There are 2 protein chains.
Amino acid sequence: MSVKVITVGEKVLGANDDKARENKSRLDRYGVLTVNIMSSPGAGKTSLILSTIKNLRKKVRIAVIEGDVASSVDAEKVNALGIPVVQINTGGGCHLDAFMVEKALDDLPLKEIDLLFVENVGNLICPNAFTLGEDRRVMIASMPEGDDKPYKYPAMFADTDTVLVNKTDLQPYLDFNIEAFRKVVTGLNPDVTIFPVSCKTGAGMAAWYAWLESAVRGKKKP
Amino acid sequence: MSVKVITVGEKVLGANDDKARENKSRLDRYGVLTVNIMSSPGAGKTSLILSTIKNLRKKVRIAVIEGDVASSVDAEKVNALGIPVVQINTGGGCHLDAFMVEKALDDLPLKEIDLLFVENVGNLICPNAFTLGEDRRVMIASMPEGDDKPYKYPAMFADTDTVLVNKTDLQPYLDFNIEAFRKVVTGLNPDVTIFPVSCKTGAGMAAWYAWLESAVRGKKKP
C-alpha cells in the first residue's frame, strides 16, 4: 500500500510544484513578499500574525490567507484588525496546496499588498512537501512541545528559512534546552535563522520584525 | 486535484479498514487490549505511556508500538524500562496505518501481553482516518496548544473515546478555559471521557489509570 501512496503523491506533488511556480510569478509581478507559516497545532501561528500586523501595519501593507481543516476563527481575528483575509477550509486535508492558494489570491487586492502571510494547517509533516509560491518559509516551534522535535520531524526543520521558538515566557516551567535545540536544528539546516520569542509578552519580537521588514524591502516592486 | 486525492484516499481507507479488522481479530484471540494514542507533536504521548508503564506494570503486562516519521528516541525510552517495544518509522508518512501495525505485531510476544499501546505519529488530522485494530482511542490535548483546538480539528475530538488534557501544571500561566473546552468537546462527542492530567506532576493520573485498568480487566482473555 505504501508504494501506491507514494506514486500518487509524486504525481500530485509535480502538479503542485507547477502551480506554485505560477503563484510565485503572479505574486512577483505585484511585488508581494509571501511568507508560508507552518507549525504544530497551537504553536502560535495566528498569534505571530496578529502581533506582526499590529507592529508593522503602519509601514507595510499586509494581507493574510488562513488555512484550517475547519472553522474561520482565525480569519475573524485578522478581519477584526481591518486586514484583507481569505479563509481556506481544507475539509479534512492536512496541508494547504498551491491550487488552494491560487483561488485565495483571486480574492485579494494584490496591487495594494506588500506582505502576504499564508498560515498553513497546523501540522509538522505534510505542509513541508507542498510549496505554495512563497518567498520565505517560517516555522514555529513551541517550547512546551519539547526540544526533541527536530529529531522526529526533521524535514520541516531542514527546509525552512527561519525557526521562531515561541512561548519563551513558559521556559522557567519547562525542561527545554535551547542550546541543544539550536545545535540539532543548525545541524539539519546550517543557514537557518532562529529567533526565540514570546508572542504573548513581546520578548524577542523586535528581531523578527526587523528580519521580516528587511525581506519586504528587498522584494522588487513593479 | 482534490477529487483525485479523495478517490485514492477512499481506496486506501477501504483496504486499511479490512486490515484493521484482521489486526483486531488477532489481538482479540490473545486478549490484548489495544489503545491507539493520538495527539499533536509534543503533547505528551510518550510521557503518558512511560508514566502508565511505571504505575501499572506490576498488575498489567504492557507492550508498545512507537510510530514516528523518523528517529527511535521514544522506543529507546520504553526499552530502557524493559518493556517489549517495536519502532515504526513512516519515513515522511503523517500517520500509522493497519499494515504497518500488522508488521509490528509479528515482532511482539502477544501471548504475554495484556495491554498494547500504539503511539501514533504526532498529528491532529490524518491518524483519525486510519483505524489500526484498536479497542480504544485516546487523544491528548496539551493545554499550551489552547482551548480552541476542538473547533479546528473536530474530527479527532469527535471520534475518540477519551481526551486527556495534559500539562495542567502550566495552567496558571495560560489562558485555557477548561469548562469552555469541555463544552465544545462534549458537543462534538457526548460520550467522551475527559481527564485533566499532568504527566509531569502526576496530578489527575489516578483516574486515567483506573479507567485503563478497568478496560484491561474487561477484555476477554482466551
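Above this note sits the structure.
Residues numbered from 1 in each chain as written. Chains lettered and ligands numbered in written order. Predicted model: local features only at pLDDT ≥ 70, side-chain atom pairs only at ≥ 80, totals over all residues. Heavy atoms only, no water.

Observations concerning the overall build of chain A
Piece 1. Looking only at helices and strands, chain A has 8 helices and 7 strands in total.
Piece 2. Relative to the 2.2 N^0.38 estimate, which gives 17 Å for 222 residues, the radius of gyration of chain A is 17 Å and therefore close to what a compact globule would have.
Piece 3. Principal axes of the C-alpha set define a box for chain A whose edges measure 50 × 45 × 35 Å.
Piece 4. By residue count, 56% of the 222 residues in chain A fall in the buried class.
Piece 5. Partitioning the contacts of chain A with sequence separation of at least 6, the portion at a separation of at least 24 is 73%.
Piece 6. As displayed, chain A offers around 9000 Å² of accessible surface, 52% of which is attributable to carbon and sulfur atoms.
Piece 7. Of the side-chain charges in chain A, 28 are positive and 28 negative, and the distance between the mean point of each set is 4 Å. (Helix = DSSP H or I, 4+ residues; strand = E, 2+ residues; numbered from the N terminus. Rg over C-alpha atoms; globule rule 2.2 N^0.38 Å. Buried < 20%, exposed > 50% of the residue type's maximum accessible area, 1.4 Å probe, protein only. Contact = heavy atoms within 4.5 Å. Areas by Shrake-Rupley, 256 points an atom, 1.4 Å probe, with all protein chains shown as cover. Lys, Arg positive; Asp, Glu negative; His and termini not counted. Charge placed at Lys NZ, Arg CZ, Asp CG, Glu CD.)

Regarding the nonpolar core
Piece 1. If you look at the biggest cluster of nonpolar residues, it comprises 78 residues, and the most contacted ones within it are I65, L116 and V163 of chain A together with I65, L116 and V163 of chain B.
Piece 2. When residues no more than four places from it in sequence are discounted, the contact partners of V163 of chain A are M139, A141, F157, F181, V185, V192, T193, I194 and F195 of chain A. (Core = buried A, V, L, I, M, F, W, Y, C linked by side-chain atoms within 4.5 Å.)

Examining the side chain of K219 of chain A
All names here are of chain A.
Piece 1. When you line up the elements, K219 lands in the segment after α8 (205–218).
Piece 2. Judged by its relative accessible area of 12%, K219 falls in the buried class.
Piece 3. Setting aside its immediate chain neighbours within four residues, K219 contacts K24, L27, D28, G31, V32, L33 and D135.

Re the interface of chain A and chain B
Piece 1. At the junction of the two partners, chain A supplies 40 residues and chain B supplies 40 residues.
Piece 2. Here chain A and chain B share 4 salt bridges between them.
Piece 3. In this structure, K152 of chain A engages D74 of chain B in a salt bridge whose closest nitrogen and oxygen atoms are separated by 2.6 Å.
Piece 4. If you look at where chain A meets chain B, you find 8 residue pairs in polar contact (both at pLDDT 80 or more).
Piece 5. When contributions to the side of chain A that touches chain B are tallied by element, the ones reaching two or more residues are α1 (2–29), α3 (73–80) and α5 (149–152) of chain A.
Piece 6. Residues belonging to the side of chain A that touches chain B are distributed by class as follows: 21 nonpolar, 8 polar and 11 charged. (Salt bridge = Lys/Arg side-chain N within 4 Å of Asp/Glu carboxyl O. Polar contact = N/O pair within 3.5 Å; in protein donor to acceptor, adjacent residues only side chain to side chain. Nonpolar A, V, L, I, M, F, W, Y, C, P; charged D, E, K, R; others polar.)

A short note on the environment of F117 of chain B
Residue and element names in this part refer to chain B.
Piece 1. As for its placement among the helices and strands, F117 is situated in strand β4 (residues 115–119).
Piece 2. Among the residues examined, F117 registers a relative accessible area of 0% and is labelled buried.
Piece 3. Note: C-alpha distance between F117 and V192 (75 residues apart in sequence) is 19 Å.

Digging into the pairing of strand β5 (residues 136–142) of chain A
Residues and elements named next belong to chain A.
Piece 1. With 6 of 7 residues buried, β5 lies mostly within the body of the structure.
Piece 2. Relative to β5, strand β1 (residues 33–39) is paired through 5 bridges, and the arrangement is parallel. Note that in β5 the partner of V35 across the bridge is R136.
Piece 3. Of the pairings in the sheet, the one linking β5 to strand β6 (residues 162–166) comprises 5 bridges and is parallel in character. What sits directly across from M139, in β6, is V163. (Pairing = 2+ DSSP bridges.)

A look at the sheet that holds strand β6 (residues 162–166) of chain B
All names here are of chain B.
Piece 1. On the basis of which strands lie adjacent, the open sheet formed by 7 strands has the order β3-β2-β4-β1-β5-β6-β7 and parallel pairing. Pairing within the sheet leaves two strands with one partner each, and these edge strands are β3 (85–89) and β7 (193–196). Taking the axes of each pair of neighbouring strands and ignoring which way they run, one obtains an average angle of 20 degrees across the sheet.
Piece 2. Lying over the sheet, helix α4 (residues 98–106) contacts β2 (62–68), β3 and β4, oriented at roughly 150 degrees with respect to β3. (Axes fitted to C-alpha atoms, helices over the stretch in contact; angles between N-to-C directions.)

A few points about the sheet that holds strand β4 (residues 115–119) of chain A
Residue and element names in this part refer to chain A.
Piece 1. Strand order in the open sheet formed by 7 strands is β3-β2-β4-β1-β5-β6-β7, and the pairing between neighbours is parallel. In the strand order of this sheet, the two ends are held by β3 (85–89) and β7 (193–196), each with one partner. Put simply, the sheet's adjacent strands are angled 20 degrees from each other on average, direction ignored.
Piece 2. Pairing of strand β2 (residues 62–68) with β4, which is carried by 5 bridges, proceeds in the parallel orientation. Along β4, the bridge assignment pairs E66 with E119.
Piece 3. Lying over the sheet, helix α4 (residues 98–106) contacts β2, β3 and β4, oriented at roughly 150 degrees with respect to β3.
Piece 4. Against the sheet, helix α7 (residues 178–188) touches β5, β6 and β7, its axis set at about 160 degrees to β7.

What to know about the pattern of salt bridges
Piece 1. For the coordinates displayed, the defined rule picks out 36 salt bridges over all chains.
Piece 2. Here E22 of chain A makes a salt bridge to K19 of chain A, at a shortest N to O gap of 2.9 Å. With a gap of 3 residues between them, E22 of chain A and K19 of chain A both fall in helix α1, about one helical turn apart.
Piece 3. You can call E22 of chain A partly exposed: its relative accessible area is 45%.
Piece 4. Note on K19 of chain A: relative accessible area 11%, which makes it buried.
Piece 5. With its nearest N and O atoms 2.9 Å apart, the salt bridge here joins K219 of chain B to D135 of chain B. A residue pair is termed long-range when its members are at least 10 positions apart, and K219 of chain B in the segment after α8 (205–218) and D135 of chain B in the loop between β4 and β5 (136–142) qualify at 84 residues.

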